[in-house]
Amino acid sequence: QMDSSIDNDTVVKASQEYMINHGSSQSEITVFANLLNKMLRENPHIDWNSWKHIPAEWQKDIGDLPTPSKDEIPSILSRIAVIRLNGGLGTTMGCTGPKSFVEVKNGLTFLETALRQHEEFNRRWDAQVPILLMNSFFTHEATKNVVGSRADCFVQSKCPRLDATTLLPIEEGDESWNPPGHGNIYVALKESGMMDSLLAKGRDIVFVSNIDNTGAELSIEIAGLMGREGLEYVMECTVKTESDKKGGTLIEIGGQAMHLEIPQVPPEHLKDFESTEIFKIFNTNNIWVNLNSCKHRPYEITSEIIVNKKKTSSGRAVIQLETSIGGSIKNFAKAFCVHVPRSRFIPVKAMVDLERVRSDQYTLDEAYCLRLNQ
């Protein structure tokens, strides 16, 4: 329970002073101030009477997308890049380092599987599509040492964790800091120079997915849709089942697409949110973005705040402030939902998931994608 007597301005100032004293960059201070102000000053819940289902004209089925012609393919391949989200640690799977170092199938780690999948795509299409890894300060150095020249690495911002009661930064060594979620990707791309580098090479369409989702293969059809329709943002969604009831979904509010997640749902409507009858799709976190639509405004691209409650190893209750890349859809006027099969969403979040994909139920195919045996 947060102390209601806490003065917002005092909290913001204390956090800024803490970050300055710990050598944070101006970029990181700006990122965290934006997150903190959002948490302190904005109502996190939507007006439940204000939303609608997204209209049909904002939606496509991947099966209905044309395969680009032989003449179109070189142009498409020259415009795309892949970004895998690689900020997480594998603590829930008994790993002390990056989660991507966990072995997933046939003796290969998530990271090696993603790299081989990408290299196989380039071989198959005779292309040179680059792959980038967005690391956190937890995973950056170890990942760079492993991948060498096979991928370009850049790092997310570093933000302080806050005491859950006082909302002041804590002093507990490495546990005092957290990466602020994958909604930070726009700032991280800009500040690292990666955004300008990609655009200078004409690579304006990026495909972003989680490193642990081995089904997230680069789709030439969706890349073609992005270019053909001049889209700024595409979210891949798939059919919601009971096991996905907590996953984010898409709605329309005020003529704009919005990614609705549990923190934005009024408590009295949680059952509605989790209903597979009311919400039939959810976000796979396979996201496509045109960098030209965000290159001049990385700090202005906002997402709904996620207040993530954690405990340090000493048992102290803390919160870490995050945003998601899915939440940023509301910043893009030309945004689409593409419906994809479940095969493009094979997340591994817990040991039970890892045991399942390691079992005979799944095979790693020649493209290094996990496939459910039929």
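It should be emphasised that the depicted structure is a prediction, and the values quoted were computed from it without experimental measurement. (Residues numbered from 1 in each chain as written. Predicted model: local features only at pLDDT ≥ 70, side-chain atom pairs only at ≥ 80, totals over all residues. Heavy atoms only, no water.)

## Thoughts on helix H5 (residues 140-147)
A turn of α-helix holds 3.6 residues, and therefore any two residues three or four places apart point the same way.
Phase 1 of the analysis: Within H5, the full set of buried residues consists of His140, Thr143 and Val147. Angular distribution of buried residues about the axis of H5 spans 70°; they occupy a single face of the element.
Phase 2 of the analysis: On its buried side, H5 packs onto strand S3 (80-86), helix H4 (110-125), strand S6 (131-135) and strand S7 (152-155).
Phase 3 of the analysis: One or two positions beyond H5, positive phi appears at glycine 148, with a value near 55°. (Buried < 20%, exposed > 50% of the residue type's maximum accessible area, 1.4 Å probe, protein only. Helix = DSSP H or I, 4+ residues; strand = E, 2+ residues; numbered from the N terminus. Arc of directions from axis to C-beta. Contact = heavy atoms within 4.5 Å.)

## Here we look at empty space enclosed by the protein
It is the rolling of a water-molecule-sized probe over the atoms that shows where space remains empty.
Phase 1 of the analysis: Throughout the structure, instances matching the rule amount to one cavity of 30 Å³ or more.
Phase 2 of the analysis: Volume-wise, the largest cavity comes out at about 70 Å³.
Phase 3 of the analysis: Along its surface, the largest cavity is lined by Val82, Arg84, Ala114, Gln117, His118, Phe121, Ile131, Phe207, Ala216, Glu217 and Leu218.
Phase 4 of the analysis: For the lining of the largest cavity, the elements supplying multiple residues, two or more each, are S3 and H4.
Phase 5 of the analysis: If one sorts the elements of the lining of the largest cavity by residue count, H4 sits on top with four residues. (1 Å grid on protein atoms, 1.4 Å probe; cavity = no way out; pocket = protein on both sides within 12 Å on 5 of 7 lines; lining within 4 Å. Points joined across faces, edges and corners; volume = space filled by probe spheres on them.)

## Focus on the state of the cysteines
Phase 1 of the analysis: Under the counting rule described, the total for this entry stands at zero disulfides.
Phase 2 of the analysis: Cysteine 159 provides the cysteine sulfur closest to cysteine 294, a residue in no disulfide bond, and the two sulfurs are 19 Å apart. (Disulfide = S-S within 2.5 Å.)

## Quick look at helix H8 (residues 220-229)
Phase 1 of the analysis: Residues Ile220, Ile222, Ala223, Gly224, Leu225 and Met226 constitute the buried set of H8.
Phase 2 of the analysis: Where H8 terminates, the next one or two residues include glycine 230, which has phi positive at roughly 65°.

## Some words on the environment of serine 192
Phase 1 of the analysis: Relative to the helices and strands, serine 192 resides in helix H6 (residues 185-192).
Phase 2 of the analysis: Owing to a relative accessible area of 35%, serine 192 belongs among the partly exposed residues under this scheme.
Phase 3 of the analysis: Sequence spacing of serine 192 and valine 155 is 37 residues, and the spatial spacing of their C-alpha atoms is 7.4 Å.
Phase 4 of the analysis: Within the structure, serine 192 has its side chain in polar contact with the backbone oxygen of leucine 189 (distance 3.0 Å). (Polar contact = N/O pair within 3.5 Å; in protein donor to acceptor, adjacent residues only side chain to side chain.)

## Let's talk about the sheet that holds strand S1 (residues 51-52)
Phase 1 of the analysis: If you trace the three strands from one edge of the open sheet to the other, you get S1-S13-S14, paired in antiparallel fashion. Only two strands of the sheet have a single partner each, and these edge strands are S1 and strand S14 (256-260). (Pairing = 2+ DSSP bridges.)

## What about the packing of aromatic side chains?
Phase 1 of the analysis: A full pass over the atoms with the stated rule returns 11 aromatic pairs.
Phase 2 of the analysis: Ring centres 6.3 Å apart and planes at 75° place the aromatic pair tryptophan 48 and phenylalanine 279 in the edge-to-face group. Residue tryptophan 48 is located in the loop between helix H2 (26-41) and S1, and its partner phenylalanine 279 is located in the loop between helix H9 (270-274) and strand S15 (281-290); the two are separated by 231 residues in the primary sequence. Neither tryptophan 48 nor phenylalanine 279 differs from the other in exposure class; each is buried. (Phe/Tyr/Trp six-rings, centres within 6.5 Å; stacked < 30°, edge-to-face > 60°.)

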